[in-house]
Amino acid sequence: MYVGAALAVWLFDVASPSGVAWLRCLGAAVILLAWRRPGRAAWRGRPLLLAGAFGVVTAGMNVVFYEAIARLPLGTVVALEFVGPVVVAAFGSRGRRDIAALVFVAVGVVCIADVQLRGSPSGVAFALAAAAAWAGYIVLGRKVALGGNGIDSLAVGFAVATALLSPLALGTGGVWGAPDLLVMGIGVGLLSTVVPYVLDQVVLRRVGQARFAVLLALLPVTATVTGLVVLGQVPSLLEALGILAVVAGVALRSRDPDEGTAVREPP
């Protein structure tokens, strides 16, 4: 997922972040539709509304995420974005662990924001918007996994989102004249959307909320390492402590017994 995000950063020189996010959605839609070929029932009534809502929220999450990583280091954005799933995970219970988890996350966000607000307040705002969208993604993603058409719903959802967000294609002009850049844009859709989201549908049917949260706790670490290795983004000490605090909050919350209802991973 974050190797795809690192590739997306390289495209920001020739396309807007929102335009790259639209290319990611287009690439995912094309690949999933060619693979799954959803039947007519998937394009009508409640299945279409559920898949469409999921696709638009997910694509919107990707747009604000890319706007954030255009302004802030990748690992920093992912740590800030983590507020969404932690709040959702903690909402179902008010035990001491949940409160402690939220404290860890709040401290982590303050550490990260204290460093970045002076340099890019808009980047922090976009990252927190991505966190809110991630919360919506979790709620809708659970409905798709447990009550929708699974991977077929992903195909329909991204097709709907690609059509509704087509005005963002205006920011992709520099890509269409270079086949290698276009292939890279489609590759971002494959790496950051198709592969992780399809695997996500598989995982959601097998593990509960707490166990899945343990896996989610790896994402900020993965993003930070990818940002360091691929993009040369070295986190400051305060940012690193903030990222660790966010991961600790998720891991602490995940120690509760599985409740049989899984949460989803994002963008």
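Read on for an overview of the structure. Note that the structure is a prediction, hence the values are computed from the model and not measured.

Details of the overall build of the protein chain
And step 1. Summing up its helical and strand segments, the protein chain has 13 helices and zero strands in all.
And step 2. The N-to-C order of helical and strand elements in the protein chain reads α-α-α-α-α-α-α-α-α-α-α-α-α.
And step 3. Across the protein chain, every contact between residues at least 6 apart in sequence was considered, and the portion connecting residues at least 24 apart equals 90%.
And step 4. Working note: accessible area of the protein chain is about 11,300 Å², and carbon and sulfur atoms make up 69% of it.

Structural notes on a nonpolar patch on the surface
And step 1. Together, W10, V221, V225, L228, V229, V230 and V234 make up a nonpolar patch on the protein surface, roughly 640 Å² of accessible area in all.
And step 2. Tallying contributions element by element places helix α12 (residues 218-231) first for the nonpolar patch, with five residues.
And step 3. Position of V229 relative to the elements: it lies in helix α12.

What about the pattern of salt bridges?
And step 1. A full pass over the atoms with the stated rule returns two salt bridges.
And step 2. The closest approach of N and O atoms between E67 and R71, which form a salt bridge, is 2.8 Å.
And step 3. Residue classification places E67 among the buried residues on the basis of a relative accessible area of 11%.
And step 4. For R71, a relative accessible area of 36% corresponds to the partly exposed category.

Brief notes about the nonpolar core
And step 1. Membership of the largest hydrophobic core comes to 64 residues, with the highest contact counts inside it found for Y2, F65 and Y66.
And step 2. Ranked by residues supplied to this core, first place goes to helix α3 (residues 45-69) with 10 residues.

Digging into the environment of V83
And step 1. When you line up the elements, V83 lands in helix α5 (residues 83-91).
And step 2. For V83 and V109, which are 26 residues apart along the polypeptide, the C-alpha to C-alpha distance reads 8.1 Å.
And step 3. Those residues in contact with V83 that sit more than four places away from it in its chain are V105, V109 and A131.

Quick look at the packing of aromatic side chains
And step 1. Counted under the stated rule, the structure contains five aromatic pairs.
And step 2. On the basis of an interplanar angle of 65 degrees and a centroid distance of 6.1 Å, the ring pair of F12 and Y66 is categorised as edge-to-face. Of the two residues, F12 sits in the loop between α1 (2-11) and α2 (17-36) while Y66 sits in helix α3, which places them 54 residues apart along the sequence.
And step 3. The buried category is assigned to F12, whose relative accessible area is 17%.
And step 4. Seen from their ring centres, F158 and Y197 are 6.0 Å apart, and the 15 degrees between their planes marks the pair as stacked. Here F158, found in helix α8 (residues 151-164), pairs with Y197, found in helix α10 (residues 179-204); they are 39 residues apart in sequence, far enough to count as distant.
And step 5. Given the relative accessible area of 1%, Y197 is considered buried.
And step 6. Here the aromatic cluster, defined as three or more aromatic residues joined through ring pairs, consists of F54, Y137, F158 and Y197.

Some remarks on α2
And step 1. Over its 20 residues, α2 runs 28 Å from end to end, which matches the ideal 28 Å to within 8%, given 1.5 Å per residue.
And step 2. When you tally the buried positions in α2, you get 14 out of 20 residues, the bulk of the element.

Concerning the side chain of T172
And step 1. When you line up the elements, T172 lands in the loop between α8 and α9 (173-176).
And step 2. Separated by 2.6 Å, the side chain of T172 and the backbone oxygen of A169 make a polar contact.
And step 3. If we skip the residues at most four places from it in the chain, T172 touches A15, G19, W22 and L23.

Concerning the packing of α3 against helix α4 (residues 74-81)
And step 1. It is the contact of α3 with α4, at a shortest axis distance of 9 Å, that shows an interaxial angle of 135 degrees. When the interaxial angle is binned, α3 and α4 end up oblique. Here α3 and α4 pass one another in a crossing that is right-handed. For the pair α3 and α4, the contacting residues are M61, F65, A68 and I69 in the first and L74, V77, V78 and E81 in the second.
And step 2. Partitioned by chemical class, the residues of the contact of α3 with α4 number seven nonpolar, no polar and one charged.

Some points on α8
And step 1. Over its 14 residues, α8 extends 20 Å from the first C-alpha to the last, a length consistent with the 20 Å expected when each residue adds 1.5 Å.
And step 2. Within α8, 11 of the 14 residues are buried, which leaves the element mostly enclosed by the surrounding structure.
And step 3. All of the buried residues in α8 are I151, D152, S153, L154, A155, V156, G157, F158, A159, A161 and T162.
And step 4. Tucked into the core, α8 has its buried residues touching α2, α3, α7 (121-147) and α10.

Cut-offs used in this document
Starting afresh in each chain, residues are numbered from 1 along the sequence in its written order. This being a predicted model, a pLDDT of at least 70 is required before a residue's local features are given, and a value of 80 or more before pairs of side-chain atoms are given or counted; all residues contribute to the totals for chains, interfaces and linings. The side-chain numbers reported here are obtained from all heavy atoms of the structure, hydrogens and water having been left aside. Helix numbers and strand numbers start at the N terminus; a helix is a DSSP run of H or I with at least 4 residues, a strand a run of E with at least 2. Between two residues, a contact is recorded if the distance between any of their heavy atoms is within 4.5 Å. Method for areas: the Shrake-Rupley scheme with a 1.4 Å probe, in which residue coverage is limited to the protein chains shown. Surface patches are drawn from residues lacking salt bridges whose relative accessible area is over 30%; two like charges belong together within 9 Å, two nonpolar side chains (Val, Leu, Ile, Met, Phe, Trp, Tyr) within 5 Å. For this analysis, a salt bridge means a side-chain nitrogen from Lys or Arg found within 4 Å of a carboxyl oxygen belonging to Asp or Glu. Only protein chains enter the area calculation, which uses a 1.4 Å probe; residues under 20% of their type maximum are buried, those over 50% are exposed, and those in between are partly exposed. To define a nonpolar core, start from buried Ala, Val, Leu, Ile, Met, Phe, Trp, Tyr and Cys residues and group those joined through side-chain atoms within 4.5 Å. Aromatic rings from Phe, Tyr and Trp, taking only the six-membered ring of Trp, are treated as a pair when their centres fall within 6.5 Å; an angle between ring planes under 30 degrees marks them as stacked, one over 60 as edge-to-face, and anything in between as tilted. Helices are assigned an expected span. That span is 1.5 Å times one less than the residue count. In protein, a polar contact means a hydrogen-donor-capable atom and an acceptor-capable atom, both N or O and within 3.5 Å, with residues adjacent in sequence counting only if both atoms are side-chain atoms; elsewhere, any N or O pair within 3.5 Å suffices. Angles shown run from 0 to 180 degrees and are taken between the N-to-C directions of axes, each axis being a line fitted to C-alpha atoms and, for helices, limited to the stretch in contact. Angle categories are assigned with fixed cut-offs, so that under 35 degrees is roughly parallel, over 145 is roughly antiparallel, 65 to 115 is roughly perpendicular, and the rest are oblique. Helix crossings are classified by the rotation of the near helix relative to the far one: an anticlockwise turn of less than a right angle makes the crossing left-handed, while a clockwise turn makes it right-handed. Under the convention adopted here, Pro, Cys and the residues Ala, Val, Leu, Ile, Met, Phe, Trp and Tyr are nonpolar, Asp, Glu, Lys and Arg are charged, and Gly plus all remaining residues are polar.

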